[in-house]
Amino acid sequence: MNDSIKPVTAKTFQTMKNNNEKITMLTAYDFSTAKYIDEAGIDSILVGDSLGMTILGYDSTIKVTIDDMMTFTKAVSNGVKRTMVIADLPFLSYHVSKEQTTINAGKLIQTGANAVKLEGASDFILDEVNHLVNSGINVMGHLGFTPQYINTIGGYYIQGKSYENTIKLLESAKKLEENGAFAIVLEMVPVESAKYITENLNIPTIGIGAGNYCSGQVLVIDDLLGKFPGNVPKFVKQYANIKDIMKQAISKYKNDVKNNIFPFEENMFNLTKEEKEKLEYAFTK
Ligand code: KIV
């Protein structure tokens, strides 16, 4: 590793919140995207279980396994020098026992993640957060809309929409903080609720669909690039239209092959003049 590069850590997150400096985070699932994100100076990459939808084509995160997460965490961590890598613990990988949670979190850390993320704040989960942190594993929480609970929530609903629910979210966030979480993702929460929660916590909040008072922001890279084929939520800002660029390039390639235009001269290997002449002579015999 280059000595002049100072990697972002959980401590850096806290310093940034204390200094009112916004924390940047994007999801990534592969080597080259991770490299570009790192080179752009983004503070952190989330190897999100959103890869279930963006990479594996599922309709939710439920089918994602710890082996899937390990594969993509390895690819991402190979692409970064400075950016902190946080990997999602997938559905049910931290719900059975503390032992299993520790083994699964350990797998992600040993594959290259600097921290893990898990969803919710039940007593069971708080206990696990505590145990992981005491085992030397940085943990980021995830509250508000929690995609792994899609079947019990019943749909993509905004969370914390009332005073009472905002207070409940803050209580959960505080418990995560007390048990050692270094940051919390707030997903699909009204701006005012996210502001109140952020201001009443010591640790940073990272918002997605939670307004601009959070300590930082995260977006799914496929949404930001305009690559995902399905609908994108209201909170997404599409900064490019990669989908159309990809489709145009693929069609052009198809046409060039069908019409024998590709490969072009510069894409081919040639025999030396001498070898070519020998070959031509052999043909004439
Ligand atoms: O899996 C993911 O990409 C996430 C973000 C939506 C925060 O959890």
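Let us look at the structure shown here. These figures come from a predicted structure and were not determined experimentally.

What counts and what doesn't
- Along each chain, residue indices are assigned from 1 in the same order as the chain's sequence is written.
- Residue-level local features of this predicted model are given only where pLDDT is at least 70; pairs of side-chain atoms are given and counted only at 80 or more, and the full residue set underlies all totals for whole chains, interfaces and linings.
- Calculated side-chain values reflect all of the structure's heavy atoms, with hydrogen atoms and water omitted.
- Strand pairing is assigned whenever DSSP identifies at least 2 bridges connecting the two strands.
- Secondary structure elements follow DSSP: runs of H or I no shorter than four residues count as helices, runs of E no shorter than two count as strands, and numbering proceeds from the N terminus.
- Each axis is a line fitted through C-alpha atoms, and for a helix only the stretch in contact is used; angles between axes span 0 to 180 degrees, taken between their N-to-C directions.
- Between 65 and 115 degrees an angle is taken as roughly perpendicular, under 35 as roughly parallel, over 145 as roughly antiparallel, and anywhere else as oblique.
- A clockwise turn of the near helix away from the far one marks a right-handed crossing, whereas an anticlockwise turn of less than a right angle marks a left-handed crossing.
- In what follows, residue pairs with any heavy atoms lying within 4.5 Å of each other are defined as contacts.
- Any residue that is not Ala, Val, Leu, Ile, Met, Phe, Trp, Tyr, Cys, Pro, Asp, Glu, Lys or Arg is counted as polar, Gly included; the first ten are nonpolar and the last four charged.
- Only centres within 6.5 Å qualify two rings of Phe, Tyr or Trp (six-membered ring in Trp) as a pair; their planes then separate them into stacked at under 30 degrees, edge-to-face at over 60, and tilted for everything else.
- Only protein chains enter the accessibility calculation, which uses a 1.4 Å probe; a residue whose area is less than 20% of its type maximum is buried, one above 50% is exposed, and one in between is partly exposed.
- In the analysis that follows, any N or O atom pair within 3.5 Å is treated as a polar contact, provided that within protein one partner can donate a hydrogen and the other can accept it, and provided that, for residues neighboring in sequence, both atoms belong to side chains.
- We define a salt bridge as a contact between a side-chain nitrogen of Lys or Arg and a carboxyl oxygen of Asp or Glu at a distance within 4 Å.

**Remarks on the sheet that holds strand β8 (residues 216-219)**
What links the strands of a sheet is backbone hydrogen bonding, and the strands pair in either a parallel or an antiparallel sense.
Phase 1 of the analysis: Strands sit in the order β1-β2-β3-β4-β5-β6-β7-β8 around a closed barrel of 8 strands; the barrel is parallel. Within this sheet the neighbouring strands show an average axis-to-axis angle of 25°, counted without direction.
Phase 2 of the analysis: Across 4 bridges, the pairing between strand β2 (residues 44-47) and strand β3 (residues 84-88) is parallel. Note that in β3 the partner of Ser44 across the bridge is Met84.

**Things to note about the packing of helix α5 (residues 98-110) against helix α6 (residues 123-134)**
Phase 1 of the analysis: At their nearest, the axes of α5 and α6 sit 10 Å apart, and the two run at 50° to each other. Relative to α6, α5 is oriented oblique. The element α5 and its partner α6 pack so that their crossing is right-handed. Here Lys98, Thr101, Thr102 and Ala105 of α5 lie close against α6, whose contacting residues are Asp127, Glu128, His131 and Leu132.
Phase 2 of the analysis: Among the residues forming the contact of α5 with α6, the class breakdown is 2 nonpolar, 3 polar and 3 charged.

**So, the environment of Gly112**
Phase 1 of the analysis: As for its position among the elements, Gly112 is in the loop between α5 and β4 (115-117).
Phase 2 of the analysis: Note: C-alpha distance between Gly112 and Ile86 (26 residues apart in sequence) is 9.1 Å.

**Some thoughts on the packing of aromatic side chains**
Phase 1 of the analysis: For the coordinates displayed, the defined rule picks out 4 aromatic pairs.
Phase 2 of the analysis: For the pair Tyr253 and Phe262, a centre-to-centre distance of 5.8 Å together with 65° between the ring planes defines the contact as edge-to-face.
Phase 3 of the analysis: Taking the relative accessible area as the measure of exposure, Phe262 reaches 30% and is therefore partly exposed.
Phase 4 of the analysis: Three or more aromatic residues link up through ring pairs in this structure, and these residues are Tyr253, Phe262 and Phe264.

**Focus on unusual backbone geometry**
When glycine is set aside, most residues are seen to have a negative phi, and most peptide bonds are trans.
Phase 1 of the analysis: Pro263 follows Phe262 through a cis peptide bond whose omega is 0°.
Phase 2 of the analysis: Among the secondary structure elements, Pro263 is positioned in the loop between α11 (242-258) and α12 (273-284).
Phase 3 of the analysis: The residue Leu92 is not glycine, and still its phi comes out positive at about 65°.
Phase 4 of the analysis: Mapped onto the secondary structure, Leu92 falls in the loop between β3 and α5.
Phase 5 of the analysis: In this structure, Asn260 takes a positive phi of about 55° despite not being glycine.

**Overview of the packing of helix α8 (residues 163-178) against helix α9 (residues 191-199)**
Phase 1 of the analysis: Running from N to C, α8 and α9 point in directions that differ by 35°, and their axes come no closer than 10 Å. Read as a crossing pair, α8 and α9 show a hand that is right-handed. In contact with Thr166, Ile167, Leu169, Leu170 and Ala173 of α8, α9 contributes Ser193, Tyr196 and Ile197.

**What to know about the side chain of Thr101**
Phase 1 of the analysis: Counting through the fold element by element, Thr101 comes out in helix α5.
Phase 2 of the analysis: Among the residues examined, Thr101 registers a relative accessible area of 1% and is labelled buried.
Phase 3 of the analysis: Engagement of the side chain of Thr101 in a polar contact is seen with the side chain of Glu128, the distance being 2.9 Å.
Phase 4 of the analysis: Excluding residues that lie within four positions of it along the chain, Thr101 makes contacts with Ser93, Tyr94, His95, Glu128 and Leu132.

**Examining the pattern of salt bridges**
Phase 1 of the analysis: Summed over all chains, the structure comprises 9 salt bridges.
Phase 2 of the analysis: Taking the shortest distance from any N to any O, the salt bridge between Lys195 and Glu199 comes out at 3.2 Å. One end of the pair, Lys195, and the other, Glu199, are both in helix α9, 4 residues apart, so they sit about a helical turn from each other.
Phase 3 of the analysis: The exposure class assigned to Lys195 is partly exposed, which follows from its relative accessible area of 28%.
Phase 4 of the analysis: As a salt-bridge pair, Asp222 and Lys227 come within 3.5 Å of each other at their nearest N and O atoms.

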